[in-house]
Amino acid sequence: MKQDTILLAHGSGGTLMHKLISGLFASKFSNPILDKLDDSATFELPPGRVSFSTDTYVVQPLMFRGGNIGKLAVCGTVNDVSAMGAEPMYLSCGFVIEEGLAVSELETILDSMVASAKEAGVLIVTGDTKVVEKGGADRLFINTAGVGVVRDGVDIGAAKAKIGDKILLSGTIGDHGIAVVSEREGLTFETAVESDCAPLNKMISSMLDVSRNVHCLRDPTRGGLASALNEFAAASDVGLHIIEDRVPVRDEVAGACELLGYDVFHVANEGKIVAIVEPADADAVLAAMKTSPYGVDAAIIGEVVDEPKGKVLVDTHFGSTRILDILVGEQLPRIC
Amino acid sequence: MTLKYISEYRDPILAKSLITKINQTSTRDAKLMEVCGTHTVAIAKHGIRTMMPPTVQLLSGPGCPVCVTANTDIDRAIELSKVDDVVITTFGDMMKVPGSYSSLAKEKAAGSDIRVVYSALDAVELAERTPEKRVVFLAVGFETTAPTIAASVIEAKKRGLKNFFIHAVHKTVPDALRALIESGEVKITGLILPGHVSAIIGTKPYLFLADEYHVPCVISGFEPLDVLQAIYMLVRQIESGEAKIEVQYRRGVLPDGNQVAVETMNKVFEPCDADWRAIGVIPGTGLKLREEYAEFDAVAAIEVELPPVREPKGCQCGEVLRGVLFPYQCKLFGKACTPEAPVGPCMVSSEGSCAAYYRYSDYPEATG
């Protein structure tokens with residue numbers, strides 16, 4: 001008989017837990033490495049430097065337009081591993097479930113994880129489940145970690161931007177943050193904006209196929225594009241000069257930001273990449289981005305300059321220039 | 001929902017032509033105070049200060065409702081939040097504002113039930129859903145928010161709720177401007193008046209500013225082109241020696257304002273004296289619940305003991321709110337006081353002058 005909700009006993013190590021693991025997690029994520037259900041996964045990695053990343057997802061609500069916490073948990077870690085120029089291969093996932101979560105909801109979330117992992121070409125090879133009492137967590141938290149192997153000859157890092165380099169962005173900004181906040185309880189604000197949550201490893205791979213001179217890569221999640229750009233500027237001790245008009249923003253997102261008082265440069269993304277590329281290769285990398293369904297709106301949004309060091313300048317649509325600072329304090333808690 | 005007409009109000013060609021006109025017209029010193037925090041943000045965000053001729057100076061005024069909320073009012077909200085069955089509901093901006101010893105955000109972390117809502121009606125709904133709790137809405141804001149909060153009180157009465165209360169610390173704008181000008185601390189030669197407040201109250205409550213004090217006034221919208229046009233209109237008044245109340249924000253403001261909103265506000269509230277942070281008590285600039293709605297008054301219904309009021313050491317928010325100092329002239333600005341570790345309210349609120357200047361690096365050292 002199938003239980004409708006997750007109970008404390010599901011995490012107790014007994015029969016219910018066994019059923020949950022074998023019936024739900026193992027069958028959905030099934031692959032030869034995982035199916036052994038050993039204490040840890042064992043596998044071979046191709047030669048090269050390993051990229052290894054972990055992230056915990058606590059987004060609230062669990063379901064939002066364009067995705068859910070499961071899709072986010074797979075895509076987020078895939079993107080973090082990829083942003084070092086690595087091909088992500090294996091993921092782990094840990095679940096902290098508050099008792100009372102509907103099994104059907106968990107299934108939907110797992111299905112999304114399976115779909116995103118399949119799209120990204122990664123395997124979920126090990127995992128863990130804990131069930132906590134009511135109030136011990138907020139419905140569901142997921143941790144994922146991922147490993148991949150850095151492509152030979154690629155040398156990416158936030159400190160590697162050089163004066164004259166071009167700054168490339170893979171598409172519209174702010175979609176994820178606005179999609180999530182519009183779903184929040186109590187916010188009677190509706191918009192058709194969908195989260196951009198997506199695995200970007202194939203797009204990044206195609207960018208690296210055409211250029212060995214991608215100097216910096218980052219997926220601008222929390223803190224938005226502003227944080228990523230400021231980190232590049234500070235680490236590389238250069239200035240970044242952005243043209244606001246070249247930064248793609250959906251009308252709905254721009255409108256929502258006006259209403260809510262957000263600066264779109266600070267709003268989170270979950271399916272975008274910002275790259276700093278040698279000028280001679282910029283057009284080729286841009287073309288590679290545009291061949292991906294997640295990069296159709298890609299654009300060159302500015303370039304690396306000498307001064308002011310460690311700062312990001314934006315030429316506004318309005319004709320003035322302003323410093324783009326990192327977000328201070330919190331804007332939207334629990335967006336990922 | 002799609003909000004259009006943003007870029008239309010940020011047209012660079014129109015902006016350039018307005019800036020040229022301001023530069024060509026302005027010969028006399030123009031000390032213009034923007035009263036509203038939203039204007040302060042627009043000026044900082046769009047770099048409008050850097051476009052002004054040397055004759056035009058833009059000062060920020062007391063128009064951030066969060067910033068002018070007195071310490072003692074925040075202290076009371078904090079004490080209320082410690083009462084077992086009380087849920088405090090508030091606009092998000094109030095969370096981090098420091099009172100004498102703590103903030104709502106800190107109290108929430110310590111276990112008080114404090115929730116951010118986007119409308120007072122959400123608080124009414126919450127009260128109805130949780131009859132075992134007493135729900136207190138922290139009623140902050142100018143004439144812009146007072147009518148909807150009044151409507152929520154009417155709604156609570158209609159639903160017969162006995163567990164919904166408001167802590168009314170509203171402020172009204174016109175007489176605060178009178179107090180500011182009467183003080184003579186800063187010689188203000190023009191006022192950029194708040195568009196949203198004026199959409200409610202119309203133009204008439206400001207007439208005394210021109211008639212009695214001969215201060216040119218323009219009610220402005222919040223997009224950069226609105227602000228530039230308002231500045232140009234003020235410069236023209238100053239150059240011609242005129243003083244009148246002009247409306248730049250015509251798409252939002254009617255001379256009589258929004259009568260329904262004003263009537264709703266007046267039905268529930270009556271004027272009282274209000275304690276403005278750093279300015280002091282200004283007669284007639286507060287709103288208290290009328291007798292027939294007095295049952296919703298949190299202050300009367302839930303007794304709490306207040307700690308002695310304390311002002312943060314070295315904080316010059318008062319001078320900033322009165323336009324005496326630019327935010328960056330405060331000794332703490334950007335050093336001991338940042339949005340991450342704010343000392344005074346002007347660095348906390350998203351519409352606070354200090355936060356706006358800091359966030360958009362709208363101060364001399366920032367751009368070197």
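Residues numbered from 1 in each chain as written. Chains lettered and ligands numbered in written order. Predicted model: local features only at pLDDT ≥ 70, side-chain atom pairs only at ≥ 80, totals over all residues.

**Student:** Any chance you could explain the overall build of chain B here in plain terms?
**Tutor:** When helices and strands are tallied, chain B shows 15 helices and 11 strands. What you see for chain B is a C-alpha radius of gyration of 21 Å, in line with the 21 Å of a compact globule of 368 residues. In terms of its C-alpha atoms, chain B occupies a principal-axis envelope of roughly 65 × 45 × 45 Å. For chain B, the proportion of contacts with a sequence separation of at least 24, taken over those separated by at least 6, is 77%. (Helix = DSSP H or I, 4+ residues; strand = E, 2+ residues; numbered from the N terminus. Rg over C-alpha atoms; globule rule 2.2 N^0.38 Å. Contact = placed C-beta atoms within 7 Å.)

**Student:** Could you clarify how one ought to interpret the sheet that holds strand 1 (residues 50-57) of chain A in this entry?
**Tutor:** Backbone hydrogen bonds hold the strands of a sheet together, and the pairing may be parallel or antiparallel. All names here are of chain A. Strands sit in the order 1-6-4-5 across an open sheet of four strands; the sheet is mixed. A single partner strand is all that each edge strand has here, and the edge strands are strand 1 and strand 5 (123-132). Neighbour to neighbour, the strand axes of the sheet diverge by 15° on average, direction disregarded. One ladder, built from 11 bridges, connects strand 4 (residues 86-98) with strand 6 (residues 140-150); its direction is antiparallel. Its bridge partner lying in strand 6, tyrosine 90 is registered against valine 147. (Pairing = 2+ DSSP bridges. Axes fitted to C-alpha atoms, helices over the stretch in contact; angles between N-to-C directions.)

**Student:** Help me out: how do you make sense of unusual backbone geometry in this one?
**Tutor:** Glycine aside, residues mostly have negative phi, and peptide bonds are mostly found in the trans state. Residues and elements named next belong to chain A. A cis amide bond, omega 5°, links glutamine 60 with the succeeding residue proline 61. Residues glutamate 307 and proline 308 are joined by a peptide bond in cis, for which omega reads -10°. Here proline 308 is to be found in the loop between strand 11 (299-305) and strand 12 (312-315). Even without a glycine there, the phi angle at leucine 37 is positive, about 50°. Within the secondary structure, leucine 37 sits in the loop between helix 1 (15-29) and strand 1.

**Student:** Explain helix 1 (residues 12-25) of chain B to me, please; I cannot follow it from the model alone.
**Tutor:** For an α-helix the count is 3.6 residues per turn, leaving residues at separations of three or four pointing the same way. All names here are of chain B. The end-to-end C-alpha distance of helix 1 is 20 Å, a good match for the 20 Å that 14 residues give at a rise of 1.5 Å each. The complete set of buried residues in helix 1 reads Ala15, Leu18 and Ile22. Considered in projection along helix 1, the buried side chains sweep an arc of 65° and stay on one side of the axis. For helix 1, exposure combined with an orientation more than 90 degrees from the buried face picks out Ile13, Thr20 and Gln24. (Expected span 1.5 Å × (residues − 1). Buried ≥ 20, exposed ≤ 12 C-beta atoms within 10 Å, placed from the backbone. Arc of directions from axis to C-beta.)

**Student:** Can you walk me through the domain arrangement of chain A in this structure?
**Tutor:** Size of an interface: often given as the accessible area lost when the parts come together. All names here are of chain A. Annotation of chain A at the domain level lists domain 1 (8-150) and domain 2 (158-323). Put simply, the middle of domain 1 and the middle of domain 2, counted by C-alpha atoms, are 27 Å apart. The interface of domain 1 with domain 2 comprises 21 residues on the first partner and 20 residues on the second. Where the side of domain 1 that touches domain 2 is concerned, the elements lending two or more residues are helix 2 (69-82), strand 4 and helix 3 (103-120). Here the element with the most residues in the side of domain 1 that touches domain 2 is helix 2; it accounts for eight residues. Considering only residue class, the side of domain 1 that touches domain 2 consists of nine nonpolar, seven polar and five charged. (Domains from an automatic or database assignment. Nonpolar A, V, L, I, M, F, W, Y, C, P; charged D, E, K, R; others polar.)

**Student:** I tried to follow the sheet that holds strand 7 (residues 190-194) of chain B on my own but got confused; where do I start?
**Tutor:** All names here are of chain B. Spatially, 2-1-7-8-9 is the arrangement adopted by the five strands of the open sheet, whose pairing is parallel. Edge strands, defined here as strands with exactly one partner in the open sheet, are strand 2 (56-60) and strand 9 (245-247). Within this sheet the neighbouring strands show an average axis-to-axis angle of 25°, counted without direction.

**Student:** Even after reading the chapter, I still don't get the packing of helix 5 (residues 201-210) of chain A against helix 8 (residues 282-291) of chain A, so can you show me in this structure?
**Tutor:** Helix packing for two helices is described by the angle between their axes and how far apart those axes are. Residue and element names in this part refer to chain A. Running from amino to carboxyl end, helix 5 crosses helix 8 at an angle of 150°, the nearest separation of the two axes being 8 Å. Here helix 5 is positioned roughly antiparallel relative to helix 8, judged by the angle of their axes. The two elements helix 5 and helix 8 cross, and the hand of that crossing is right-handed. When helix 5 is examined against helix 8, the residues Met203, Ser206, Met207, Asp209 and Val210 are found in contact with a partner set consisting of Ala284, Val285, Ala288, Met289 and Thr291. Classifying every residue of the contact of helix 5 with helix 8 gives seven nonpolar, two polar and one charged. (Parallel < 35°, antiparallel > 145°, perpendicular 65-115°, else oblique. Left-handed = near helix turned anticlockwise from the far one by under 90°.)

**Student:** Even after reading the chapter, I still don't get helix 3 (residues 71-81) of chain B, so can you show me in this structure?
**Tutor:** All names here are of chain B. Of all 11 residues that make up helix 3, nine are buried, and the element is covered over most of its length. Along helix 3, the residues that are buried comprise Asn71, Asp73, Ile74, Asp75, Arg76, Ala77, Ile78, Leu80 and Ser81. Those residues of helix 3 hidden inside the fold are in contact with strand 3 (86-90), helix 4 (104-109), strand 4 (114-116), strand 5 (134-139), strand 6 (164-168) and helix 12 (298-301).

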